[in-house]
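Architecture and fold: a report
Read off the chains here:
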Amino acid sequence: MSSAARRRARPPTMLEADAPRRQSLRFLLLYALAWAGGAIAYVPFLTIWLPGRMTQLAGIADVQMLGYVTFSGAIAASLSGIGFGWLSDRTGNRRGWVLTGLALTIALLLLVPLAQDIWSLVGMIIAWQLALNMMLGPLSAWAGDCVPDEQKGLLGGLLAFSPALGAWSGALVTLPGLVPTDARLIVVASLVAAAVLPALLLGRPRPFADLTAPPPPRAAGVPAPRPTGPAVRMWLARLLVQISEAALFAYLYFWFRSIDPDMHDSEKAGLFSIALTVAIPIALLSGRWADRHRQPFRPLVISAAISAVGMVGMALAPDADMAKASYLLFGIATTVFLALHSGQTLRILPRSDRRGRDLGIFNLTNTVPSLIMPWLTISLVPGFGFDALFLLLAGLTTLAVLLLATMPRPR
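Everything numeric here is computed off the predicted structure, so don't read it as measured data.

Conventions used here
- Residues numbered from 1 in each chain as written.
- Predicted model: local features only at pLDDT ≥ 70, side-chain atom pairs only at ≥ 80, totals over all residues.
- Heavy atoms only, no water.
- Phe/Tyr/Trp six-rings, centres within 6.5 Å; stacked < 30°, edge-to-face > 60°.
- Helix = DSSP H or I, 4+ residues; strand = E, 2+ residues; numbered from the N terminus.
- Buried < 20%, exposed > 50% of the residue type's maximum accessible area, 1.4 Å probe, protein only.
- pLDDT = per-residue confidence, 0-100.
- Contact = heavy atoms within 4.5 Å.
- Salt bridge = Lys/Arg side-chain N within 4 Å of Asp/Glu carboxyl O.
- Axes fitted to C-alpha atoms, helices over the stretch in contact; angles between N-to-C directions.
- Parallel < 35°, antiparallel > 145°, perpendicular 65-115°, else oblique.
- Left-handed = near helix turned anticlockwise from the far one by under 90°.
- Nonpolar A, V, L, I, M, F, W, Y, C, P; charged D, E, K, R; others polar.
- Expected span 1.5 Å × (residues − 1).
- Arc of directions from axis to C-beta.
- Polar contact = N/O pair within 3.5 Å; in protein donor to acceptor, adjacent residues only side chain to side chain.
- Patch = residues over 30% accessible without salt bridge, like charges linked within 9 Å, V, L, I, M, F, W, Y side chains within 5 Å.
- Areas by Shrake-Rupley, 256 points an atom, 1.4 Å probe, with all protein chains shown as cover.

Okay, the packing of aromatic side chains next. Within the structure shown, the criterion is met by 11 aromatic pairs. Here Y31 and W142 contribute two aromatic rings whose centre-to-centre distance is 6.4 Å and whose plane-to-plane angle is 65°, an arrangement assigned as edge-to-face. Taken as a pair, Y31 in helix α3 (residues 25-58) and W142 in helix α6 (residues 118-146) lie far apart in primary sequence, 111 residues in all. According to the relative accessible area criterion, Y31 is buried, its value standing at 3%. We classify W142 as buried; its relative accessible area is 5%. Between W255 and F390 the ring centres are 5.4 Å apart and the planes differ by 80°, which places this aromatic pair in the edge-to-face class. One end of the pair, W255, is in helix α11 (residues 229-259); the other, F390, is in helix α16 (residues 364-405), with 135 residues separating them in the sequence. When its relative accessible area of 1% is taken as the criterion, W255 is described as buried. A relative accessible area of 2% means that F390 is categorised as buried.

Here is the structure:
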């Protein structure tokens, strides 16, 4: 037996067994880029291209029809996220589902301009949502298969690039004179492929058998384990923060107009981009700190608390400058929270063989707020203004802080 074979065959020493496990940084970077490909796919498409096309086809009914599309898309995303995550669990082939979803997502991006009536467009948007979640559901579970707990903070920090790259791609395809209007979706599709394919083709993650090992068989008559307390708390906390984020995302334009009627669209977009960009290094540093100090939930508590403070500042700000500064505080803290939460969620899911399905259930925290938020806004803003809405959202985020602050520290 060669010396190399003897080294592979011998059991690990105590020092090696206690050494922290590490996934390769190369794979983590490729994975983060692939995850950002999802944001590149939907941010320019849903926020720039779709509203304009809806106006062309629906005329004065564009807002109403866009509401139908948003509602239908949220339902499709919710169901397909769970379904395709479960299918990737059953087949054990994450990459195959991601690659198929990527191909269908790109194909539908290129075909959707061919829809010549409103209902054809609605149908294609729903099909596109299904394809996108065929890609994203298994992709999210793939991280749980590959990234040990010792690096989940770093993973969350890297995921902060996703919303920023989505916003930057939207700015890129709309730069005057750079991309013709009828070629925007072609450029978006190319960017999505360039972001996702490297991880699928070149990613070679180090295997960790315990991350994919099935749970031990249950004895006869023993009920299946239910979601753990930490999983429920993490789900509720993200839902509460996402309601606030969804409300600000949908009505930010109108709020800025109410505090500063002379504010240009470029300044609004600039503030949004600044928040997403500044959040990246903060999320990376916070995630690394959480890994090193074995405090996975502390940065979540702090960022959620700062988010609530930002919303209170937005509600009580005496002038437009203070309101904008408070928004930046909220936007940065919320982006950090959502990125780090995505990484740490993988830590507390109860079953490795149901990881895709469970992450699909967690994805409901991204889609359900789109169904809740309009009713909160309609109930409060017309009679009490945005100040009352922000104070309510700050209260919901404070509940998230309490849920996370009282979680037991992991061993």
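Looking now at the confidence of the model for the chain. Predicted coordinates in regions of low pLDDT should not be interpreted in detail. A residue-level look at the chain finds 90% of positions with pLDDT of 70 or above and a mean pLDDT of 85. Note that pLDDT drops below 50 for residues 1-19; the model gives that stretch two contacts with residues more than four away or on any other chain.

Quick look at the pattern of salt bridges now. All told, the structure shown has eight salt bridges when counted by the stated rule. In this structure, the salt-bridge partner of D145 is R94, at a minimum N-O distance of 2.7 Å. Of this pair, D145 sits in helix α6 while R94 sits in helix α5 (residues 94-111), placing them 51 residues apart in sequence. The exposure class assigned to D145 is buried, which follows from its relative accessible area of 13%. Judged by its relative accessible area of 9%, R94 is buried. Through salt bridges that share partners, D89, R94, D145 and R355 make up one connected network.

To continue, consider the packing of helix α13 (residues 298-316) against helix α14 (residues 320-348). At a minimum axis distance of 8 Å, the contact between α13 and α14 shows a crossing angle of 155°. Comparing the axis directions of α13 and α14 gives the class roughly antiparallel. In the crossing of α13 with α14, the sense of the turn from one axis to the other is left-handed. Facing P299, L300, S303, A304, I306, S307, V309, G310, M311, G313 and M314 of α13, the residues of α14 in contact are A323, S326, Y327, L329, F330, A333, T334, V336, F337, L340, H341 and Q344. Among the residues making up the contact of α13 with α14, the classes are represented as 15 nonpolar, eight polar and no charged.

Further remarks concern α5. Over its 18 residues, α5 runs 26 Å from end to end, which matches the ideal 26 Å to within 8%, given 1.5 Å per residue. Of the positions making up α5, those classed as buried are R94, V98, G101, L102, T105, I106, L108 and L109. The arc enclosing the buried residues of α5, seen along the axis, measures out at 165°, which places them on a common side. Where α5 starts, the residue carrying a side-chain oxygen 3.0 Å from the main-chain nitrogen of G96 turns out to be N93.

Below, the discussion takes up unusual backbone geometry. Of note, R294 is a non-glycine position whose phi angle comes to about 55°, a positive value. Note that R294 resides in the loop between α12 (265-293) and α13. Since its relative accessible area comes to 62%, R294 is described here as exposed.

The next point concerns helix α7 (residues 152-159). When you tally the buried positions in α7, you get eight out of eight residues, the bulk of the element. Three or more residues of α7 are buried, namely K152, G153, L154, L155, G156, G157, L158 and L159.

Next up on the list: a nonpolar patch on the surface. A contiguous nonpolar surface patch, about 320 Å² in accessible area, is contributed by I302, I306, V309 and L329. At three residues, α13 tops the list of elements feeding residues into the nonpolar patch. Structurally, I306 can be placed in helix α13. Assessed through its relative accessible area of 34%, I306 is described here as partly exposed.

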